[in-house]
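Take a look at the letters that make up each chain.
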Amino acid sequence: MRIRILMTGAEQEYMRTEAEMLKDRGFLVYTCEEENIEEAISEIKPDLVFVNPHDPGLHSTKVYHELLDNIKYASIPVIYTLSEDDVYLVNRKRTASRDKRNMITDNIVDGIKCALLADSITPKKRVRINRNIQFPYYAFRA
């Protein structure tokens, strides 16, 4: 099953090159305008949302923060393009721990891998620390 990516941005021309590159790598890429993002998410049910603005501004940042703040989309990772540095801000699922939730990558394919594969890397069980360990007497010598 191919990975479904929903790409949104202000200009379709700018998104076309990124979408074609991802399609060549085997991803299933859908594009939509920023105003229609909620309808597109409910219809497509993407594995990942990619916000790709040509000129990052207030509107694209607002779309990005609405996706992060909406509890309906908590299970969908979001990637935001920071055009001035050609880096990608990756926000994993909000079910991940807070310190492992946000990452920055310089490659979009690496960003997708980090966003989708990070759940399998993190441990599923919680490690319990035993505070009643008996140390040998020589461990306390200076």
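Anything mentioned here points back to the structure above.
Residues numbered from 1 in each chain as written. Predicted model: local features only at pLDDT ≥ 70, side-chain atom pairs only at ≥ 80, totals over all residues. Heavy atoms only, no water.

A. Spatial organisation of the overall build of the protein chain. Along its length, the protein chain carries four helices and six strands. Across the protein chain, helices and strands are ordered from the amino to the carboxyl terminus as β-α-β-α-β-α-β-β-β-α. The buried share among the 142 residues of the protein chain stands at 37%. Considering only intrachain contacts with a sequence separation of at least 6, the fraction spanning at least 24 residues in the protein chain is 56%. (Helix = DSSP H or I, 4+ residues; strand = E, 2+ residues; numbered from the N terminus. Buried < 20%, exposed > 50% of the residue type's maximum accessible area, 1.4 Å probe, protein only. Contact = heavy atoms within 4.5 Å.)

B. Molecular detail of the pairing of strand β5 (residues 87–91). Within β5, four of the five residues are buried, which leaves it mostly tucked inside the rest of the structure. In this structure, strand β4 (residues 78–82) lies alongside β5, joined through five bridges in antiparallel fashion. Note on β5: the bridge partner recorded for Tyr80 is Leu89. Where β5 meets strand β6 (residues 102–105), four bridges bridge the pair, whose relative direction is antiparallel. Bridge pairing in β6 places Val90 opposite Met103. (Pairing = 2+ DSSP bridges.)

C. How the structure looks around empty space enclosed by the protein. One pass over the structure, following the stated rule, counts one cavity of 30 Å³ or more. Looking at the largest cavity, its volume works out to about 40 Å³. What lines the largest cavity is Ile37, Glu38, Val63, Glu66, Leu67, Asn70 and Tyr73. Listing elements by their share of the lining of the largest cavity, those giving two or more residues are α2 (37–44) and α3 (58–69). Counting residues per element, the lining of the largest cavity draws most heavily on α3, which supplies three residues. Grouping the amino acids of the lining of the largest cavity by side-chain chemistry returns four nonpolar, one polar and two charged. (1 Å grid on protein atoms, 1.4 Å probe; cavity = no way out; pocket = protein on both sides within 12 Å on 5 of 7 lines; lining within 4 Å. Points joined across faces, edges and corners; volume = space filled by probe spheres on them. Nonpolar A, V, L, I, M, F, W, Y, C, P; charged D, E, K, R; others polar.)

D. Broad picture of the packing of aromatic side chains. Using the criterion set out here, one finds two aromatic pairs in the structure. Aromatic side chains Phe50 and Tyr88 sit 6.0 Å apart centroid to centroid with 50 degrees between the ring planes, which places their arrangement in the tilted category. Of the two residues, Phe50 is situated in strand β3 (residues 48–51) and Tyr88 in strand β5; the sequence distance between them amounts to 38 residues. Per residue, the accessibility class of Phe50 equals that of Tyr88, and both read buried. (Phe/Tyr/Trp six-rings, centres within 6.5 Å; stacked < 30°, edge-to-face > 60°.)

E. Structural context of the nonpolar core. Grouped together as the largest cluster of nonpolar side chains are 16 residues, with contacts concentrated most on Ile5, Met7, Leu22, Phe50, Ile79, Ile108 and Ile112. Every element with two or more residues in this core is listed here: β1 (4–9), α1 (12–24), β3, β5 and α4 (108–121). At four residues, α4 tops the list of elements feeding residues into this core. Aside from chain neighbours lying at most four places away, what touches Ile79 is Leu48, Val49, Phe50, Val51, Tyr88, Leu89, Val90, Ile108, Gly111 and Ile112. Listed in part, the 15 residues of the second largest apolar core include Ile44, Tyr64, Leu67 and Val78. (Core = buried A, V, L, I, M, F, W, Y, C linked by side-chain atoms within 4.5 Å.)

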